[in-house]
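# Understanding the architecture of this molecule
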Amino acid sequence: MTEKQLKRAVAKRTRDIINESAKHMKKNIERAFNSGGINLSDYEDNNILPRIIMTALLKEEMSQYPPIRKEDKKTAENLYLLM
């Protein structure tokens, strides 16, 4: 497999994972509301609560896709810092 083919394959699989995660995250929005952890009257500003929920959703997704090896964790952290 050439480098170009590998990049294309990795990008496709990454997009597939993103789509799977998006479905999971959308289902968890209602779980966030039903959790008892949110007092809606504290968040009349329409932008703050969605950001809080998004942060929780992303943390949940991070736990679904942890790097398998220790060195992969370092690579993921480096990529995060470079983006």
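This report concerns the structure included in the present document. (Residues numbered from 1 in each chain as written. Predicted model: local features only at pLDDT ≥ 70, side-chain atom pairs only at ≥ 80, totals over all residues. Heavy atoms only, no water.)

### A look at helix 1 (residues 3-34)
Inclusion rule: Elements are defined by DSSP. Helices are runs of H or I of four residues or more, strands are runs of E of two residues or more, and each kind is numbered from the N terminus. By this rule the span expected of a helix is its residue count minus one, scaled by 1.5 Å. Bend at a residue means the angle formed by two fitted axes: the first through the 7 residues ending at that position, the second through the 7 residues beginning there. Burial classes: relative accessible area under 20% of the type maximum marks a residue as buried, over 50% as exposed, and values in between as partly exposed (1.4 Å probe, protein chains only). Contacts are assigned to residue pairs with any non-hydrogen atoms lying within 4.5 Å of each other.
Over its 32 residues, helix 1 extends 46 Å from the first C-alpha to the last, a length consistent with the 46 Å expected when each residue adds 1.5 Å. Along helix 1, the sharpest change in direction is near 25 degrees and occurs at Asn28. Every buried residue of helix 1 is listed here: Ser21, Met25, Asn28 and Ala32. Each element contacted by the buried residues of helix 1 is listed here: helix 2 (48-64). Positive backbone phi, at 85 degrees, marks Gly36, one or two positions downstream of helix 1.

### What to know about the side chain of Ser21
Its location among the elements puts Ser21 in helix 1. Taking the relative accessible area as the measure of exposure, Ser21 reaches 10% and is therefore buried. When neighbours within four sequence positions are excluded, Ser21 is seen to be in contact with Glu61 and Tyr65.

### Overview of the side chain of Glu61
Heads up, the rule is: Counting rule for charge: Lys and Arg are taken as positive, Asp and Glu as negative, and neither His nor the chain ends is counted. Definition used for salt bridges: Asp or Glu carboxyl oxygen within 4 Å of a side-chain nitrogen of Lys or Arg.
Following the sequence through the fold, Glu61 ends up in helix 2. One buried charged residue, Glu61, remains without a salt bridge, the closest side chain of opposite sign being Arg31 at 8.6 Å. When sequence neighbours within four positions are dropped, the list of residues in contact with Glu61 reads Ser21, His24 and Met25.

### Things to note about the nonpolar core
Proteins that are soluble and globular tend to have nonpolar side chains buried together. Selection criterion: Residues enter a nonpolar core if they are buried and are Ala, Val, Leu, Ile, Met, Phe, Trp, Tyr or Cys, with the set joined through side-chain atoms within 4.5 Å.
The biggest cluster of nonpolar side chains holds five residues, and these are Met25, Ala32, Leu49, Ile53 and Leu57. When residues of this core are traced back to their parent elements, those giving at least two are helix 1 and helix 2. Considering each element in turn, this core owes the most residues, three residues, to helix 2. Not counting the four nearest positions on each side in its chain, Leu49 is found in contact with Phe33, Ile38, Leu40 and Tyr43.

### As for a nonpolar patch on the surface
For clarity, the threshold we go by: Any residue with relative accessible area above 30% and no salt bridge may belong to a patch, with like charges joined within 9 Å and the nonpolar Val, Leu, Ile, Met, Phe, Trp and Tyr side chains within 5 Å. Each accessible area value is a Shrake-Rupley result obtained with a 1.4 Å probe; residue values ignore everything except the protein chains displayed when judging cover.
Together, Met1, Leu6 and Val10 line one region of the surface with nonpolar side chains, adding up to about 340 Å² of accessible area. Mapped onto the fold, Met1 is located in the segment before helix 1.

### Points about the pattern of salt bridges
Per the counting criterion, the structure on display carries five salt bridges. Notably, a salt bridge pairs Glu3 with Lys7, separated by 3.4 Å at the nearest N-O pair. On the criterion of helical spacing, the pair formed by Glu3 and Lys7 is a turn pair, its members being four residues apart in helix 1. For Lys7, a relative accessible area of 55% puts it in the exposed group. As a salt-bridge pair, Arg69 and Asp72 come within 2.9 Å of each other at their nearest N and O atoms. Since its relative accessible area comes to 46%, Arg69 is described here as partly exposed. Given a relative accessible area of 25%, Asp72 falls into the partly exposed group. Within this structure, Arg69, Glu71 and Asp72 form a network of salt bridges that share partners.

The analysis is restricted to geometry; functional conclusions fall outside its scope.
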